[in-house]
Amino acid sequence: MNYQLELVDTLILIIYGLVMIGMGVYFLRKTKTSNEFMVAGRGIPAWAAGIAVMSAYTSSISYIAVPGKAFDDNWHPLIFALTALPVAWFVTKYVIPHYRKHKIISVYKYLEDKIGNWGRVYASLSFVLFMVGRTAVILYLSSLLLTSFVDVDIKTLILVIGIMTIAYTLMGGMEAVIWTDVMQSIIMIGGLLFSAYILTTEVFAEPDFLIQEAFDQNKFSLGDTSFSLSSRTIWVMIVYGVTENIRNLMADQNYTQKYSSVATEKKAKKSVWVAMLIYLPLTAIFLYIGTAMFAFYSGSGNVLDPSIVKGDEVFPFFIATELPTGLKGLIIAAILAASMSTVDSALNSSATVLYLDYFKRYFRPNASEKSSLGFLRFTTIAWGLLGIAFALLLINAQSALDIWWQISGIFGGGILGLFLLALFNVKLTPAQGIVSVVFSLLIIVWGTFMRDLSPSLAWLECDLDAIIIGAVATAGLIVLALLFAMFNLKKQNR
């Protein structure tokens, strides 16, 4: 569908883009060393780092997909946010002290220190490839959304959003990333709150009291309580939430680099809690908007366009048809902000990993600050252009999200398991570690591709819910690694 913005809304988007570039130019003069580029000289306030960590959890996809999920189903995505709280306690108590003690910037150095260089190479390479895919999908899907509001070709939008994000990330480094994330988060939260307010005034109004329809249809449910792992039950969401949140806060450079940009361990811990205490109510607002839209369009006076067939399409329709001029532009800017805050983090963290885990580790250990900063900026451009190129390729893909889930599952396989083995000092030989990782990758391949098989191959079929395949692969890696560790221990005691 196509909902064209008026001049005022278009000007708001243009001003937003210019402000982003202006912030990059402003922080350019403050980014003189590699340390400032990567962690802003560790001078970021805890509250700002926390907001930046929170922004890594959200993207333009969250802005559309989470309300869409609540519109179609219920509030089961809230379980993911709730599981982040015990995970945050675990990370702040056991993980951050390790990272701060060893002054770690690239989190993958921790793997080298604990289990060997092979672990660092595998995890860091997987991460930077993962970031190319993540950048591509976010650029593609956010540009696809914007084509509904602006009369611009999707290829042009991908190029404009991608180059703009590269520009301010390139100039200002981590300081630009964090402070633009703060501004973008304010815009995003403001847009959400206003949308929630508009919907609330409609669905709680008498005499219709449309919200009752959402209660009648059990839209506030957290999901099925049956003990099954083959459908989206509460237990599946708990397994997925715990696993994914530990991976995010412990093993994903996107997150760890932001809480590494503060001065002390205490502030790093505080930044994680700031992120969690914003992310949980923010998720509830996303879900409330989806549920309120379900109630809003259940009334006879509010009719969805017949061409809308899934929940993801409802919020854009609501923005286009129910919000006044000017506010539409702000909401679209908020969606764009969520997209750019995800991409800028991906570019900066990829450059950091390539610099610390490869350039400085293997090629130029004694590189000058000028060479180091030049490499960081070069790789920011290179990874940004790779993301743009793959985003353009996704235009002709049948399902961008399906492709992304498969790629991310393969690239992410084993990384969390390796970090958990490292944290608990499980000792393996390099060969044993590689075999364990390969085993986890085979589980991911099985869980991803062995579905809907012919009757003769039914015994090979995977019927687990697709979102917990990563958790199963992590469990498989840990079990095999522990068996190897027990074997090693018995061998030593002989």
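In short, a report on the structure. (Residues numbered from 1 in each chain as written. Predicted model: local features only at pLDDT ≥ 70, side-chain atom pairs only at ≥ 80, totals over all residues. Heavy atoms only, no water.)

**Details of the packing of aromatic side chains**
- Enumeration according to the criterion identifies 25 aromatic pairs in this entry.
- Considering the side-chain rings of Y108 and F419, the 6.0 Å spacing of their centres and the 70 degrees angle between planes classify their relative orientation as edge-to-face. Of the two residues, Y108 is situated in the loop between α5 (77-101) and α6 (109-115) and F419 in helix α17 (residues 415-423); the sequence distance between them amounts to 311 residues. The pair Y108 / F419 is uniform in exposure class, with both members buried.
- Ring geometry for F194 against Y197: centres 6.5 Å apart, planes inclined by 45 degrees, an arrangement best described as tilted. With F194 and Y197 both in helix α8 (residues 154-203) and three residues apart, the pair spans about one turn of that helix.
- Judged by its relative accessible area of 26%, F194 falls in the partly exposed class. (Phe/Tyr/Trp six-rings, centres within 6.5 Å; stacked < 30°, edge-to-face > 60°. Helix = DSSP H or I, 4+ residues; strand = E, 2+ residues; numbered from the N terminus. Buried < 20%, exposed > 50% of the residue type's maximum accessible area, 1.4 Å probe, protein only.)

**Observations regarding the packing of α8 against helix α15 (residues 369-394)**
- Across the interface, α8 lies against α15 with an axial gap of 10 Å and an inter-helix angle of 165 degrees. For the element pair α8 / α15, the angle class is roughly antiparallel. The way α8 lies across α15 gives a crossing that is right-handed. Packed against α8, whose contacting residues are K155, I158, L159, G162, I163, I166, T169, L170 and M171, the element α15 presents R377, T380, I381, G384, L385, I388, A391 and L392 at the interface.
- Here the residues of the contact of α8 with α15 sort into eleven nonpolar, four polar and two charged. (Axes fitted to C-alpha atoms, helices over the stretch in contact; angles between N-to-C directions. Parallel < 35°, antiparallel > 145°, perpendicular 65-115°, else oblique. Left-handed = near helix turned anticlockwise from the far one by under 90°. Contact = heavy atoms within 4.5 Å. Nonpolar A, V, L, I, M, F, W, Y, C, P; charged D, E, K, R; others polar.)

**Things to note about the layout of surface pockets**
- Taken as a whole, the second largest pocket holds about 340 Å³ of empty space.
- Around the second largest pocket, the lining is made up of 15 residues, and of these L13, I14, L157, V160 and L336 lie nearest the centre.
- Elements with a contribution of two residues or more to the lining of the second largest pocket: α1 (7-28), α8 and α14 (327-363). (1 Å grid on protein atoms, 1.4 Å probe; cavity = no way out; pocket = protein on both sides within 12 Å on 5 of 7 lines; lining within 4 Å. Points joined across faces, edges and corners; volume = space filled by probe spheres on them.)

**Section: unusual backbone geometry**
- Phi is positive for K103, which is not a glycine, with a value near 50 degrees.
- Position of K103 among the secondary structure elements: in the loop between α5 and α6.
- Judged by relative accessible area, K103 falls into the exposed class, the value being 70%.
- For N218, which is not glycine, the phi torsion reads 60 degrees and is therefore positive.
- Along the chain, N218 turns up in the loop between α9 (211-216) and α10 (234-251).

**A closer look at the environment of L482**
- By the secondary structure assignment, L482 is in helix α19 (residues 469-493).
- Counting along the chain gives 270 residues from L482 to Q212, while the straight-line C-alpha distance between them is 52 Å.

**Regarding empty space enclosed by the protein**
- This model, assessed by the stated rule, comprises two cavities of 30 Å³ or more.
- Estimates place the volume of the second largest cavity at around 30 Å³.
- Residue lining of the second largest cavity: M174, V177, Q253, N254, Q257, K258, S345, N348 and S349, and that is the complete set.
- The set of elements that each furnish at least two residues to the lining of the second largest cavity consists of α8, α11 (253-259) and α14.
- The dominant element in the lining of the second largest cavity, judged by the number of residues it contributes, is α11, at four residues.
- Classifying every residue of the lining of the second largest cavity gives two nonpolar, six polar and one charged.

**Thoughts on a nonpolar patch on the surface**
- Taken together, the side chains of L7, L11, I14, I15, L18 and V19 present a nonpolar region at the surface, about 580 Å² in accessible area.
- Position of I14 among the secondary structure elements: in helix α1.
- Look at I14 and you get partly exposed, because its relative accessible area is 47%. (Patch = residues over 30% accessible without salt bridge, like charges linked within 9 Å, V, L, I, M, F, W, Y side chains within 5 Å. Areas by Shrake-Rupley, 256 points an atom, 1.4 Å probe, with all protein chains shown as cover. Salt bridge = Lys/Arg side-chain N within 4 Å of Asp/Glu carboxyl O.)

**A look at α17**
- Of all nine residues in α17, nine are buried; the element is thus mostly enclosed.
- At the C-terminal side of α17, N425 shows a positive phi close to 55 degrees.

**Re the packing of helix α18 (residues 430-449) against α19**
- Across the interface, α18 lies against α19 with an axial gap of 8 Å and an inter-helix angle of 155 degrees. Comparing their axes, α19 and α18 come out roughly antiparallel. Crossing of α18 over α19 shows right-handed handedness. Across the interface between the two elements, Q432, V435, S436, V437, F439, S440, I443, I444 and G447 of α18 pack against I469, V472, A473, G476, L477, L480, A481, F484, F487 and N488 of α19.
- The class makeup of the residues in the contact of α18 with α19 is 13 nonpolar, six polar and no charged.

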